Amino acid sequence: MNELLSAEDINSELSDLIGWSYDGVKISKEIRFNTYMESIDMINLIAKQAEKVNHHPDMKVGYCNVVVAFTSHDLGGVTKGCIQMAKYIDKETK
């Protein structure tokens, strides 16, 4: 899980997910909600899972939206752990 993925592998993994983008360093997604409190609930859900697997995203809360981004701060790129967290988020937002 602590190994950087190639751009090809990242793009392949993201092709199965909804709304994720890769900028060469991180993967990110904006998630929209009907209410502000739904946004806060999602932040808390992501935070609990991130703590459980020890892979923490950068998150930004707006009015009825959350922007979440994953990169390995230690390795300087995207790892399997980033992809696994993206898959978790997609599952929780369907």
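Residues numbered from 1 in each chain as written. Predicted model: local features only at pLDDT ≥ 70, side-chain atom pairs only at ≥ 80, totals over all residues. Heavy atoms only, no water.

## A word on the packing of helix α2 (residues 36-53) against helix α3 (residues 80-92)
- Between α2 and α3, the shortest axis-to-axis distance is 11 Å and the interhelical angle comes to 145°. As for the relative orientation of α2 and α3, their crossing is right-handed in sense. Residues Met42, Leu45, Ile46, Gln49, Ala50 and Val53 of α2 lie in contact with α3, whose contacting residues are Met85, Tyr88, Ile89 and Glu92.
- A per-class count over the contact of α2 with α3 returns 8 nonpolar, 1 polar and 1 charged. (Axes fitted to C-alpha atoms, helices over the stretch in contact; angles between N-to-C directions. Helix = DSSP H or I, 4+ residues; strand = E, 2+ residues; numbered from the N terminus. Left-handed = near helix turned anticlockwise from the far one by under 90°. Contact = heavy atoms within 4.5 Å. Nonpolar A, V, L, I, M, F, W, Y, C, P; charged D, E, K, R; others polar.)

## A closer look at the sheet that holds strand β2 (residues 27-32)
- Taken together, 4 strands build an open sheet; the order of strands is β1-β2-β4-β3 and the sheet is antiparallel. Two strands lie at the open edges of the sheet, namely β1 (21-22) and β3 (58-62), each paired on one side alone.
- Bridge count between β1 and β2: 2 bridges; the pairing is antiparallel. The residue of β2 that forms the bridge with Ser21 is Ser28.
- Across the sheet, α2 lies against β3 and β4 (65-70), angled at about 170° from β3, the strand it touches most. (Pairing = 2+ DSSP bridges.)

## Things to note about the pairing of β2
- Hairpin geometry of β1 and β2 is characterised by an intervening segment of 4 residues between the two adjacent antiparallel strands and by a positive phi of about 100° at Gly24.
- Pairing of β2 with β4, which is carried by 6 bridges, proceeds in the antiparallel orientation. Bridge pairing in β4 links Glu30 to Val67.

## Let's talk about a nonpolar patch on the surface
- The grouping of Tyr36, Met37, Val61 and Tyr63 at the surface amounts to a nonpolar patch, some 450 Å² of accessible area in total.
- As for its position among the elements, Met37 is in helix α2. (Patch = residues over 30% accessible without salt bridge, like charges linked within 9 Å, V, L, I, M, F, W, Y side chains within 5 Å. Areas by Shrake-Rupley, 256 points an atom, 1.4 Å probe, with all protein chains shown as cover. Salt bridge = Lys/Arg side-chain N within 4 Å of Asp/Glu carboxyl O.)

## Topic: the side chain of Ser72
- Along the chain, the position of Ser72 falls in the loop between β4 and α3.
- Those residues in contact with Ser72 that lie beyond four places of it in its chain are Gly77, Thr79 and Cys82.

## Re the environment of Gln84
- Positionally, Gln84 belongs in helix α3.
- A C-alpha to C-alpha distance of 9.6 Å links Gln84 and His55, two positions 29 residues apart in sequence.

## A look at the packing of aromatic side chains
- Taken as a whole and judged by the stated rule, the model has 1 aromatic pair.
- Judged by centre distance (6.3 Å) and plane angle (40°), the rings of Trp20 and Phe70 are tilted. Note that Trp20 is positioned in the loop between α1 (7-14) and β1 and Phe70 in strand β4, a separation of 50 residues in sequence. The same class applies to Trp20 and to Phe70, which are both buried. (Phe/Tyr/Trp six-rings, centres within 6.5 Å; stacked < 30°, edge-to-face > 60°. Buried < 20%, exposed > 50% of the residue type's maximum accessible area, 1.4 Å probe, protein only.)

## What to know about the pattern of salt bridges
- Enumeration over the complete set of coordinates arrives at 6 salt bridges.
- The salt bridge partner of Glu13 is Lys87, with a shortest N-O separation of 3.1 Å. With a gap of 74 residues between them, Glu13 in helix α1 and Lys87 in helix α3 connect regions that are remote in the sequence.
- Note on Lys87: relative accessible area 38%, which makes it partly exposed.
- Note that Glu30 and Arg32 form a salt bridge whose closest N and O atoms lie 3.1 Å from each other.
- The exposed category is assigned to Arg32, whose relative accessible area is 63%.

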